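As a plain string of letters, each chain reads:
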Amino acid sequence: MPAHVLVLDAAEGIGPWARDALAHAGLACALVKENVEALRSVDAQWPALVVVPLDEVERWAPVLGRLGDGPTTVPVLGMASRDASVDVTPALALGVTDLLTYPCNGDDLVDRVTSSMRGRRTGRGPDRSEPASPLAQLRTVTEAAEEALLRTETAVARVSRAEERDHLRQARDSLSHSLQVILGTMIGSAEAAGPGREGHSRRVASITRDLTNTLGWPPLRVRGMELAGLFLDIGMLVLPADLLAAPGPLEPDAVELLHGHADLSGDILEPLARVGLPVAAVRAHHERLDGSGYPRGLRGRQVPFGAQVLGVVDTWAALTRPRPHRPAMSEQDALAVLRHEASLGRLPGKLVDALEPLVLSARPGSPPVPGRFEQGGGLKASGEPEDPDDPSSPLSVTRRRLTVAAPQAAGGLAL
């Protein structure tokens, strides 16, 4: 039987709408109102995901407990009214793994459900006979970090004493810093084993921070983009270690694998979208304005502005380091390539112009200073949108001026 979504809603408030929205998107969906009926449904077919109103979560504890003891991990999406004041701590303790506020449109629900189902894990529990995949292991790290960060945010909002709030904020910042160190170390180790890739992610993060600061982005967005630059290639950890070691052009199968790394990075980092990491920018950092990029061939305004920033920085950083299939370019030559790509409508020319003084300001021949990740300067549940879409923003004005030329073949410059 196909994977299906189980909607739990005793009051039939949000449940019928959620069922209809998911069914309209082609997802098999069942709506139940009682624990006995829900347990029977679970025994008949193990769900791929469960949706439950957050204010009913304790009522559904028997069902959530049954799911927690099952053979595979089932993501649980809690639906919370935007106007309600709800403590999410009991929900997290009972197994809720993600939150979505309503009212919202059906597409938001479908996107969140499909994203959560992509990242669900198998082989849970003491009887697990096979090791989890690298993707599942990395996703477990980010899911655990998101849960802990949300717990501390909730606790901060509930306590009244200033010293308790300060203590919790310090704990949150320490956790955020630890996550950066863990993932950054994993990425650094993998890059050190890949010819020409050592230090690439930290270099991208450092330049992205400087570029977004120059563009006038608020500090929280700058911080999120810096982390996006550090983690944008984390999906490479799931791919074969020798994929990019070949001295010549990649075989078609290897190219197909490589083109999937941006989505793999997004799947790993998706839990951190709620705490300030611009995951959409990571997923689309190899997209190009003329539609020639990958993995989806987005074009123009479909490419998130954060992804355009990462695309420019990532390409320049890659070109100025040697790779098995080509030598390193000088900073000036790499900028000339970026300008050519901009003239073809693939990269945003204004961002290339903004990048130039940053990468040429250091002493000739010296690389940019590695990114600084200060304790307390990490992920926070900011709730801010990823892109600066205010029409009056200078960034929006810049984006409106970008031109898109005729489609060209993807150049693969940032390999």
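Attention here is on the structure that accompanies the text. (Residues numbered from 1 in each chain as written. Predicted model: local features only at pLDDT ≥ 70, side-chain atom pairs only at ≥ 80, totals over all residues. Heavy atoms only, no water.)

## Examining the overall build of the chain
Which entries qualify depends on this criterion: Each helix is a run of DSSP H or I of at least 4 residues and each strand a run of E of at least 2, with the numbering of both proceeding from the N terminus. Exposure is judged per residue with a 1.4 Å probe applied to protein chains only, and the accessible area is read against the type maximum: over 50% gives exposed, under 20% gives buried, and values in between give partly exposed. Computed with the Shrake-Rupley method and a 1.4 Å probe, the accessible areas treat only the protein chains shown as cover for residues.
Regarding its fold elements, the chain presents 16 helices and five strands. Residues counted as buried form 47% of the 415 residues belonging to the chain. Summed over all atoms, the accessible surface of the chain reaches about 18,900 Å², with 53% contributed by carbon and sulfur.

## As for the sheet that holds strand 4 (residues 76-81)
Backbone-to-backbone hydrogen bonds pair the strands of a sheet. The strands run either parallel or antiparallel. Applicable threshold: Pairing between strands requires that DSSP locate at least two bridges from one strand to the other. Axis lines are fitted to C-alpha atoms, over the contacting stretch for helices. Their N-to-C directions set the angle, which ranges from 0 to 180 degrees.
Strand order across the open sheet formed by five strands is 2-1-3-4-5, with parallel pairing between neighbours. The open sheet has two free edges, formed respectively by strand 2 (28-32) and strand 5 (98-102), since each of these has just one partner strand. For this sheet, the mean angle separating the axes of adjacent strands, direction not counted, is 25°. For strand 3 (residues 49-53) and strand 4, the ladder comprises four bridges, and the chain directions are parallel. Bridge assignment links valine 52 to a residue of strand 4, and that residue is glycine 78.

## Remarks on unusual backbone geometry
Glycine aside, residues mostly have negative phi angles, and peptide bonds mostly take the trans form. Note the cis peptide between tyrosine 294 and proline 295, where omega equals 10°. Examined against the element boundaries, proline 295 turns out to sit in the loop between helix 12 (279-283) and helix 13 (305-319).

## With respect to helix 13
Defined as follows: One fewer than the residue count of a helix, multiplied by 1.5 Å, yields its expected span.
For helix 13, with 15 residues, the first-to-last C-alpha span of 22 Å sits near the 21 Å given by 1.5 Å per residue. Across the 15 residues that make up helix 13, a large majority, 15, are buried.

## A few points about the pairing of strand 3
The side chains of a regular strand alternate, first on one face of the sheet and then on the other. Burial of strand 3 is extensive: five of the five residues sit out of reach of the surface. Neither face of strand 3 is open: one carries Leu49, Val51 and Pro53, the other Val50 and Val52, and all of them are buried. Bridging between strand 1 (residues 4-8) and strand 3 involves three bridges; their strand directions are parallel. In the sheet register, valine 7 faces strand 3, and the bridge partner there is valine 51.

## Looking at the packing of aromatic side chains
The test is simple: Two aromatic rings, drawn from Phe, Tyr or Trp (for Trp, its six-membered ring), form a pair once their centres lie within 6.5 Å of each other, and the interplanar angle then sorts them: stacked below 30 degrees, edge-to-face above 60, tilted otherwise.
A full pass over the atoms with the stated rule returns one aromatic pair. Relative to phenylalanine 305, the ring of tryptophan 217 has its centre 6.2 Å away and its plane inclined at 25°; by these criteria the two rings are stacked. Linking tryptophan 217 in the loop between helix 8 (200-214) and helix 9 (219-231) with phenylalanine 305 in helix 13, this pair joins segments that are 88 residues apart in sequence. Note on accessibility: tryptophan 217 and phenylalanine 305 belong to one class, buried.

## Quick word on helix 14 (residues 331-343)
As a reminder of what qualifies: In this description, the arc belongs to the directions extending from the helix axis to the C-beta atoms. We call two residues in contact when some of their heavy atoms are within 4.5 Å.
Between its first and last C-alpha atoms helix 14 spans 18 Å; for 13 residues at 1.5 Å apiece the expected length is 18 Å, and the two agree. All buried positions along helix 14 are accounted for by Glu331, Ala334, Leu335, Val337, Leu338, Glu341 and Ala342. The buried residues of helix 14 occupy an angular sector of 155° when projected down its axis, which confines them to one face. Of the surrounding elements, those touching the buried residues of helix 14 are helix 13 and helix 15 (349-359). Of the residues flanking the end of helix 14, it is glycine 345, one or two places downstream, whose phi is positive at about 85°.

## Details of the pairing of strand 1
Keep this limit in mind: For the handedness criterion, the strands are oriented away from the viewer, and a crossover whose path from the first strand over the helix to the second runs clockwise is classed as right-handed.
The buried fraction of strand 1 is high, at five of five residues. Every second residue of strand 1 is oriented toward a common face, with His4, Leu6 and Leu8 on one face and Val5 and Val7 on the other, all of them buried. Direction of pairing for strand 1 relative to strand 2: parallel, over a ladder of five bridges. The residue bridging leucine 8 from the neighbouring strand is valine 32, located in strand 2. Following the chain from strand 1 across helix 1 (residues 15-24) to the adjacent parallel strand 2, one finds a crossover that is right-handed.

## Comments concerning the packing of helix 14 against helix 15
Applicable threshold: Angles below 35 degrees are treated as roughly parallel, those above 145 as roughly antiparallel, those between 65 and 115 as roughly perpendicular, and all remaining angles as oblique. In this classification, the charged set is Asp, Glu, Lys and Arg, the nonpolar set is Ala, Val, Leu, Ile, Met, Phe, Trp, Tyr, Cys and Pro, and all remaining amino acids, among them Gly, are polar.
Relative orientation of the contacting elements helix 14 and helix 15 amounts to 170°, with a least axis distance of 9 Å. Taken together, the axes of helix 14 and helix 15 lie roughly antiparallel to each other. In contact with Glu331, Leu335, Leu338, Arg339 and Ala342 of helix 14, helix 15 contributes Gly349, Val352, Leu355, Glu356 and Val359. Of the residues contributing to the contact of helix 14 with helix 15, the split by class is six nonpolar, one polar and three charged.

## A word on the nonpolar core
Quick note on the threshold: Residues enter a nonpolar core if they are buried and are Ala, Val, Leu, Ile, Met, Phe, Trp, Tyr or Cys, with the set joined through side-chain atoms within 4.5 Å.
Formed by 51 residues in total, the largest nonpolar core has its most connected members in Phe231, Leu269, Trp316, Leu338 and Leu355. At nine residues, the largest contribution of residues to this core is made by helix 13. Judged by nonpolar contacts, the second largest core, of 19 residues, contains Leu6, Leu8, Leu54 and Val63.

## Regarding the packing of helix 8 against helix 15
To keep it simple, the criterion reads: Crossing handedness follows the turn of the near helix against the far one: under a right angle anticlockwise gives a left-handed crossing, and clockwise gives a right-handed one.
Look at helix 8 against helix 15: their axes get within 10 Å of each other, and the N-to-C directions meet at 120°. Relative to helix 15, helix 8 is oriented oblique. Considering the relative orientation of helix 8 and helix 15, their crossing is right-handed. Residue-level contacts link Ile207, Asp210, Leu211 and Thr214 of helix 8 to Ala354, Leu355, Leu358 and Val359 of helix 15. Across the contact of helix 8 with helix 15, the residue classes break down as six nonpolar, one polar and one charged.

## Some details on the environment of proline 240
Its place among the elements puts proline 240 in the loop between helix 9 and helix 10 (252-259). With relative accessibility at 41%, the residue proline 240 sits in the partly exposed group. In sequence terms proline 240 and leucine 258 are 18 residues apart; their C-alpha atoms lie 9.7 Å from each other.

## Brief notes about the pattern of salt bridges
Operational definition: Should a side-chain nitrogen of Lys or Arg be within 4 Å of a carboxyl oxygen of Asp or Glu, the pair is scored as a salt bridge.
Under the defined criterion, the tally for this structure stands at 11 salt bridges. Among the salt bridges present, the one from aspartate 43 reaches arginine 66, with a minimum N-O distance of 3.2 Å. Of this pair, aspartate 43 sits in helix 2 (residues 35-44) while arginine 66 sits in helix 3 (residues 61-68), placing them 23 residues apart in sequence. According to the relative accessible area criterion, arginine 66 is partly exposed, its value standing at 32%. Residues participating in the shared-partner salt-bridge network are Asp263, Asp267, Glu270, Arg283 and Arg296.

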